[in-house]
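# Chain and residue survey
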Amino acid sequence: QVQLVEAGGGSVQAGDSLRLSCSASEGTFRSYALGWFRQAPGKEREFVASISWHGVNTYYSDSVKGRFTISRDDDKNTVVLQMNSLKPEDTSQYYCARGVFLGAAIDTQGSYVYWGQGTQVTVVA
């Protein structure tokens, strides 16, 4: 069974930074597209960022573009979401997910089969 574990969430002030990581067993991420999503209470889950299987291409939602950076290290079996200039509206539960084998950086949630348990990010003004 594929298991993804997020870490790095917490409570910070607006303008601060957080680094979220998602870890899995050896080989779990290699050659798969990866993504980050978030869901706030009372709202639908939304796309945040994705990275292609080879790490060359990335894709971001307009709300985080220029502030967040997704990266991957297949040798370490990790995908990272670096979040800078955090805003209160970024407050949410953040999830990492594994997408398609040899997949592109896309935002289609149905393309992501395996999901982590989530890590909470709270940004206060």
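To keep things clear, this report deals only with the structure shown in the data block. Keep in mind it's a predicted model, so treat the numbers as computed, not measured.

Criteria and cut-off values
- Residues numbered from 1 in each chain as written.
- Predicted model: local features only at pLDDT ≥ 70, side-chain atom pairs only at ≥ 80, totals over all residues.
- Heavy atoms only, no water.
- Buried < 20%, exposed > 50% of the residue type's maximum accessible area, 1.4 Å probe, protein only.
- Helix = DSSP H or I, 4+ residues; strand = E, 2+ residues; numbered from the N terminus.
- Pairing = 2+ DSSP bridges.

## Some points on the pairing of strand β8 (residues 78-83)
Side chains on a regular strand alternate between the two faces of the sheet. Within β8, five of the six residues are buried, which leaves the element mostly enclosed by the surrounding structure. Relative to β8, strand β3 (residues 18-23) runs antiparallel, the two being bridged by six bridges. Bridging across to β8, Cys-22 finds its partner in Val-79. Relative to β8, strand β7 (residues 68-73) is paired through six bridges, and the arrangement is antiparallel. From the neighbouring strand, Arg-72 faces β8, where its bridge partner is Val-79. Turn length for the β7-β8 hairpin, with the two strands adjacent in sequence and antiparallel, is four residues, and the turn residue Asn-77 shows positive phi of about 55°.

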